[in-house]
Amino acid sequence: MGVRVLLIVNLHKANASDLMQHIQSVLEAQGHCVHVCSFEGKPIIPPNGGYDIAFTLGGDGTVLYASRCMAPLSIPIFPINIGTLGFIAAVHPEQWEEVFNQWIQGTVPISKRLMLSVELWRNDRLIDTRYCINDAVISASGIAKIIRLDVSTDTTDLGPFRADGLIIATPTGSTAYSVAAGGPILDPELEALIINPICPFTLSNRPMVIPAHEKVLVEVERDQRSNVLLTVDGQEVIQLDEGDRLIMQRAPFQASIIASDRKVFYKVLRTKLNWSGGPDA
């Protein structure tokens with residue numbers, strides 16, 4: 001019986017169109033059903049459900065988009081990397097058929113990644129819910145504008161934060177914006193969240209790691225000097241109002257990433273950070 005395949009293709013990447021046509025041809029010749037969802041610029045939302053697997057042709061950004069669409073439907077993601085070296089998109093184009101056959105046989109590693117649920121409450125009403133695999137960032141709309149946030153967990157009041165912004169990151173997102181802002185790198189399969197202020201006004205505000213079962217509560221204080229934005233996975237932007245409350249917690253589902261396990265993560269980490277294992281003799 002054939003597999004129902006969705007191809008999510010970022011046509012901005014070099015050779016993406018040719019690889020898409022090749023994969024579609026091979027899979028259909030093998031008796032699989034293939035639906036193509038290609039895009040240039042802003043991704044379009046693929047049809048919901050009805051697939052056994054979702055290929056992504058692009059880089060890590062394409063995987064982030066696919067995770068938000070596919071994880072709620074329990075559809076595993078097969079990330080083929082045609083961008084620069086990525087932490088998530090780990091399958092090289094020349095390896096895709098071998099890895100796909102391993103998935104069919106049930107022998108390929110599948111990494112389960114924590115995702116974050118972000119609820120936006122305004123005047124005691126839930127007005128929006130978003131999901132992300134990397135991070136949720138609250139920041140000013142202008143450059144280097146300090147915003148004021150009240151931050152707590154469901155067990156602890158962390159107090160007021162004065163900073164250029166605040167990052168709530170998953171372990172997968174620990175190697176993205178958070179690490180650039182001085183946050184820790186976490187193993188991608190840990191059950192934890194990072195609370196990381198961006199350029200805090202008070203140097204005692206440092207990055208924290210909390211258990212994934214805790215909620216992070218953020219309230220936008222009144223009388224801000226700048227507009228405040230919520231950015232999800234660096235791809236979706238929502239305008240926040242003064243007094244808005246955000247409730248961030250582990251999503252009720254995980255992203256399943258094929259052939260992007262811990263071994264791959266540490267290999268990429270060594271390459272990107274140029275770990276040498278010690279000074280030259």
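Refer to the structure printed above.
The following refers to the structure shown.

Rules of the game
Residues numbered from 1 in each chain as written. Predicted model: local features only at pLDDT ≥ 70, side-chain atom pairs only at ≥ 80, totals over all residues. Heavy atoms only, no water. Helix = DSSP H or I, 4+ residues; strand = E, 2+ residues; numbered from the N terminus. Buried < 20%, exposed > 50% of the residue type's maximum accessible area, 1.4 Å probe, protein only. Core = buried A, V, L, I, M, F, W, Y, C linked by side-chain atoms within 4.5 Å. Contact = heavy atoms within 4.5 Å. Salt bridge = Lys/Arg side-chain N within 4 Å of Asp/Glu carboxyl O. Pairing = 2+ DSSP bridges. 1 Å grid on protein atoms, 1.4 Å probe; cavity = no way out; pocket = protein on both sides within 12 Å on 5 of 7 lines; lining within 4 Å. Points joined across faces, edges and corners; volume = space filled by probe spheres on them. Nonpolar A, V, L, I, M, F, W, Y, C, P; charged D, E, K, R; others polar. Axes fitted to C-alpha atoms, helices over the stretch in contact; angles between N-to-C directions.

### Details of unusual backbone geometry
And step 1. Even without glycine at this site, Ser 74 takes up a positive phi of about 60 degrees.
And step 2. Summarising the element assignment, Ser 74 is placed in the loop between helix H2 (60–70) and strand E4 (77–81).
And step 3. The exposure class of Ser 74 is exposed, given its relative accessible area of 65%.
And step 4. Even without being glycine, Ala 259 reaches a positive phi, approximately 55 degrees.

### Some remarks on the nonpolar core
And step 1. In this structure, Ile 138, Val 216, Val 218, Leu 230, Leu 246 and Met 248 are the most contacted members of the largest nonpolar core, which totals 28 residues.
And step 2. By residue number, the principal contributor to this core is strand E5 (residues 110–122), which donates four residues.
And step 3. Excluding its chain neighbours within four sequence positions, the residues that come into contact with Met 248 are Leu 116, Ser 117, Val 118, Ala 136, Ile 138, Ile 168, Glu 214, Lys 215, Val 216 and Val 218.
And step 4. Counting residues in each nonpolar core, the second largest holds 27 residues, with Ala 54, Tyr 65, Met 70 and Leu 269 among its members.

### As for the pattern of salt bridges
And step 1. Applying the stated rule across the entire model yields 11 salt bridges.
And step 2. Note that Glu 236 and Arg 68 form a salt bridge whose closest N and O atoms lie 3.4 Å from each other. Here Arg 68 lies in helix H2 and Glu 236 lies in strand E15 (residues 236–240), a separation of 168 residues in the sequence.
And step 3. On the basis of relative accessibility, which here comes to 12%, the residue Arg 68 falls in the buried class.
And step 4. With its nearest N and O atoms 2.2 Å apart, the salt bridge here joins Arg 250 to Glu 191. Remark: Glu 191 occurs in the loop between helix H4 (177–180) and strand E11 (192–198) and Arg 250 occurs in strand E16 (residues 245–258); sequence separation between them is 59 residues.
And step 5. Because the salt bridges share partners, they merge into one network encompassing Arg 68, Asp 128, Arg 130, Asp 233 and Glu 236.

### Description of the pairing of strand E10 (residues 165–169)
And step 1. With respect to burial, E10 is a largely interior element, five of its five residues being buried.
And step 2. Residues Gly 165, Ile 167 and Ala 169 line one face of E10 and the alternating positions Leu 166 and Ile 168 line the opposite face, and both faces are buried.
And step 3. Taken together, the five bridges between strand E7 (residues 135–140) and E10 define a ladder with antiparallel strand orientation. Directly across from Ile 138, in E10, lies its bridge partner Leu 166.
And step 4. In terms of strand pairing, E10 meets E11 through five bridges, oriented antiparallel. Looking across to E11, one finds that Ile 168 is bridged to Ile 195.

### A few points about the layout of surface pockets
And step 1. Of the voids in this model, the largest pocket is the one considered here, and its volume is about 470 Å³.
And step 2. Lining the largest pocket are 19 residues, and of these Ala 90, Gln 95, Ala 259, Val 264 and Lys 267 sit closest to its centre.
And step 3. When contributions to the lining of the largest pocket are tallied by element, the ones reaching two or more residues are helix H3 (96–105) and helix H5 (262–272).
And step 4. A total of five residues in the lining of the largest pocket trace back to one element, the largest contributor, which is H5.
And step 5. Classifying every residue of the lining of the largest pocket by side-chain character gives 10 nonpolar, five polar and four charged.
And step 6. Volume-wise, the second largest pocket comes out at about 370 Å³.
And step 7. Secondary structure elements with two or more residues in the lining of the second largest pocket: H2 and strand E6 (125–132).

### Remarks on the environment of Ile 77
And step 1. The residue Ile 77 is located in strand E4 in this model.
And step 2. Classification of Ile 77 by relative accessible area gives buried; the value is 0%.
And step 3. As a C-alpha pair, Ile 77 and Ser 67 span 10 residues in sequence and 7.3 Å in three-dimensional space.
And step 4. Each residue touching Ile 77, except ones within four places of it in the same chain, is listed here: Ala 54, Thr 56, Val 63, Ala 66, Ser 67, Met 70, Ser 256, Ile 257 and Ile 258.

### Some thoughts on the environment of Gly 58
And step 1. Along the polypeptide, Gly 58 turns up in strand E3 (residues 53–58).
And step 2. Taking the relative accessible area as the measure of exposure, Gly 58 reaches 0% and is therefore buried.
And step 3. Through-space distance from the C-alpha of Gly 58 to that of Ile 80 is 6.6 Å; in sequence the pair is 22 residues apart.

### Side note on the sheet that holds strand E14 (residues 228–232)
And step 1. Ordered by their spatial adjacency, six strands build an open sheet running E12-E11-E10-E7-E14-E15, and the pairing between neighbours is antiparallel. Of all strands in the sheet, those bounded by a partner on one side alone are strand E12 (208–211) and E15. Sheet twist, expressed as the mean angle between neighbouring strand axes with direction ignored, is 20 degrees.

### Things to note about the side chain of Ser 178
And step 1. Looking at where Ser 178 falls in the secondary structure, it is placed in helix H4.
And step 2. When its relative accessible area of 0% is taken as the criterion, Ser 178 is described as buried.
And step 3. With sequence-adjacent residues up to four places away left out, Ser 178 is seen in contact with Ile 167, Ala 169, Gly 173, Gly 183, Ile 194 and Asn 196.

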